[in-house]
Amino acid sequence: MKTKSLFTRSMLWIVVPTIIISLILMIVLQSVIKDYFRQDSYNRLDSEIGRLRGIDQDKIESSVISPVKDRIASALAIRVLPSKQVNSTFVLKKNDGSYEVLARDLGFLEAVIQEIDVTQDMPFHGETVFEEENVFYAVAQYDQLIEEKRLPSKDVASVYYVTYISEKYSIELTQNVMLTFAVGLSVLLIIVITILFFVFRSIGNRLGHLEDGTKKIGEGDFNTVIKSTPKDEIGRLGDAMNRMGRQLSLIQEEQAENFQIISHELKTPIMVLQGYMDALIHHQYPNGTPEASYEIIMKELDKLENLTKDLIILNKSDYLARNNVSMASLKLEDLFEKAVETLNNRQLDVVIEGYHHLTGDYESWMRIVENILTNQMRYAKSKIIIKLGDSIMIENDGDQIDPFILSNIKKPFVKGKEGRSGLGLAIINNTLKLYHYELYIENTPMGVRYMITKEVH
């Protein structure tokens with residue numbers, strides 16, 4: 001199945017949840033608005049009941065009760081109002097238990113009368129259905145008309161004032177609010193989706209350029225330049241990819257150069273060996289005697305062996321950088337003492353002061369110490385000083401290094417005047433970097449000093 005693009009998935013991740021949340025919000029909002037208008041309707045009904053108490057009671061004629069409906073309706077100006085307004089009427093409970101309603105065609109009042117019969121607390125609210133339409137009502141007992149003898153008590157036992165309002169008005173308001181909200185939300189969603197469309201398309205295009213550049217770098221075109229503006233996260237990623245390409249290009253150039261140097265270094269002893277072997281086959285002795293010729297052959301074989309070992313160790317340092325190896329607690333002073341015993345055939349004065357403990361691969365650190373001492377002893381005249389502490393200092397009293405050679409001395413195949421293969425310091429430097437140490441080499445008044453310090457992060 002074809003995988004959707006990041007642009008498509010991003011739009012779906014944002015648009016679909018946004019639409020779902022908007023629908024849920026509209027449902028919740030509709031319920032909240034409906035509850036609000038229901039409560040508002042009851043508040044308006046209660047307000048109408050309160051308004052009745054301010055009517056001038058002198059307007060109510062109570063001398064003759066018949067016809068009661070017309071007199072009270074005339075006195076209180078009772079009328080049926082439109083659905084968006086509060087309507088009101090009176091319900092009279094007679095002494096015989098029957099009820100008289102001072103309004104016409106209000107069938108829902110039958111439900112109100114039933115509620116009056118069972119409800120003790122006044123006033124109260126209710127809701128009923130009349131002609132397929134919800135009606136909210138409030139009922140208050142108004143026996144003041146009887147108590148003030150404005151209605152004869154022999155005919156009327158209680159008077160109830162009923163205010164009511166149709167839900168149609170609140171439904172219309174709710175629909176208008178929801179329609180306005182839906183239109184506003186739709187416009188907002190269209191604007192947001194349009195903005196997101198262009199934003200994600202821009203991001204997708206930039207990521208596409210990154211993908212194309214990465215493919216070219218992966219195919220070996222390290223000179224590829226990825227457009228990396230503006231300088232946001234994607235731009236910085238593009239810069240990092242460009243830096244990686246440049247570094248890979250340098251590594252490629254360095255490997256090609258090293259390959260040429262290795263070829264040259266191997267070619268020299270091989271050509272010497274071929275020449276001597278060819279001469280021996282024809283019973284010719286370039287150095288006069290067979291023994292002298294054999295000695296030259298052995299020296300060239302030793303050079304070839306040492307070069308091969310150094311190349312293996314240099315590659316091993318790269319291997320250690322990419323793989324986990326067994327680590328041990330090491331005392332650097334012990335390694336130096338052991339190496340001095342093995343390598344000090346010139347009987348130089350070697351002084352070891354202090355101590356330095358670390359964790360690492362024993363074989364790697366032993367090779368570092370041996371290579372350092374081999375270089376120091378090759379050039380020292382009589383003395384080598386080794387000081388161990390937070391940093392490691394090794395200094396000899398030999399001749400200073402040529403400044404040009406000193407600036408490149410840690411690169412592979414760069415040799416001093418008595419150098420063997422030019423790989424010793426490269427091996428030391430690579431292995432030290434593996435353990436986050438830095439090697440510095442400098443000329444001093446005494447001779448040459450090696451400083452090894454822990455990298456600062």
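Before reading on, note that the structure itself is shown above.
Because the structure is a prediction, the values reported are computed rather than measured. (Residues numbered from 1 in each chain as written. Predicted model: local features only at pLDDT ≥ 70, side-chain atom pairs only at ≥ 80, totals over all residues. Heavy atoms only, no water.)

With respect to the packing of aromatic side chains
And step 1. The tally for this structure, following the rule as stated, stands at 5 aromatic pairs.
And step 2. Look at Y42 and F136: their rings are 5.5 Å apart centre to centre, the planes differ by 70 degrees, and that puts the pair in the edge-to-face class. Residue Y42 is found in helix α1 (residues 6-52), and its partner F136 is found in strand β4 (residues 133-141); the two are separated by 94 residues along the sequence.
And step 3. What makes Y42 buried here is its relative accessible area of 10%.
And step 4. With 5.0 Å between their ring centres and 40 degrees between their planes, F90 and Y161 make a pair best called tilted. Taken together, the positions of F90 in strand β1 (residues 87-94) and Y161 in strand β5 (residues 156-166) put the pair 71 residues apart, joining distant regions of the chain.
And step 5. For Y161, a relative accessible area of 2% gives the class buried.
And step 6. Grouping aromatic residues by their ring pairs yields a cluster made of W365, Y435 and Y437. (Phe/Tyr/Trp six-rings, centres within 6.5 Å; stacked < 30°, edge-to-face > 60°. Helix = DSSP H or I, 4+ residues; strand = E, 2+ residues; numbered from the N terminus. Buried < 20%, exposed > 50% of the residue type's maximum accessible area, 1.4 Å probe, protein only.)

Here we look at helix α9 (residues 362-379)
And step 1. An ideal rise of 1.5 Å per residue puts 26 Å on 18 residues; α9 measures up with 26 Å between its terminal C-alpha atoms.
And step 2. Within α9, the full set of buried residues consists of S364, W365, M366, I368, V369, N371, I372, L373, N375, Q376 and M377. (Expected span 1.5 Å × (residues − 1).)

Re the sheet that holds strand β11 (residues 437-443)
And step 1. An order of β7-β9-β10-β12-β11 is seen for the 5 strands of this open sheet, with the pairing classed as mixed. Each edge of the open sheet carries a strand with a single partner, namely β7 (349-354) and β11. Neighbour-to-neighbour, the strand axes of the sheet open up by a mean angle of 10 degrees, direction not taken into account.
And step 2. In the sheet, strand β9 (residues 383-388) pairs with strand β10 (residues 392-396) via 5 bridges, with the strands oriented antiparallel. Bridging across to β10, K387 finds its partner in M393.
And step 3. On the sheet, helix α8 (residues 332-343) packs against β7, β9 and β10 and is oriented at approximately 170 degrees with respect to β7.
And step 4. α9 contacts β7, β9, β10, β11 and β12 (448-454) of the sheet and is inclined by roughly 160 degrees relative to β12. (Pairing = 2+ DSSP bridges. Axes fitted to C-alpha atoms, helices over the stretch in contact; angles between N-to-C directions. Contact = heavy atoms within 4.5 Å.)

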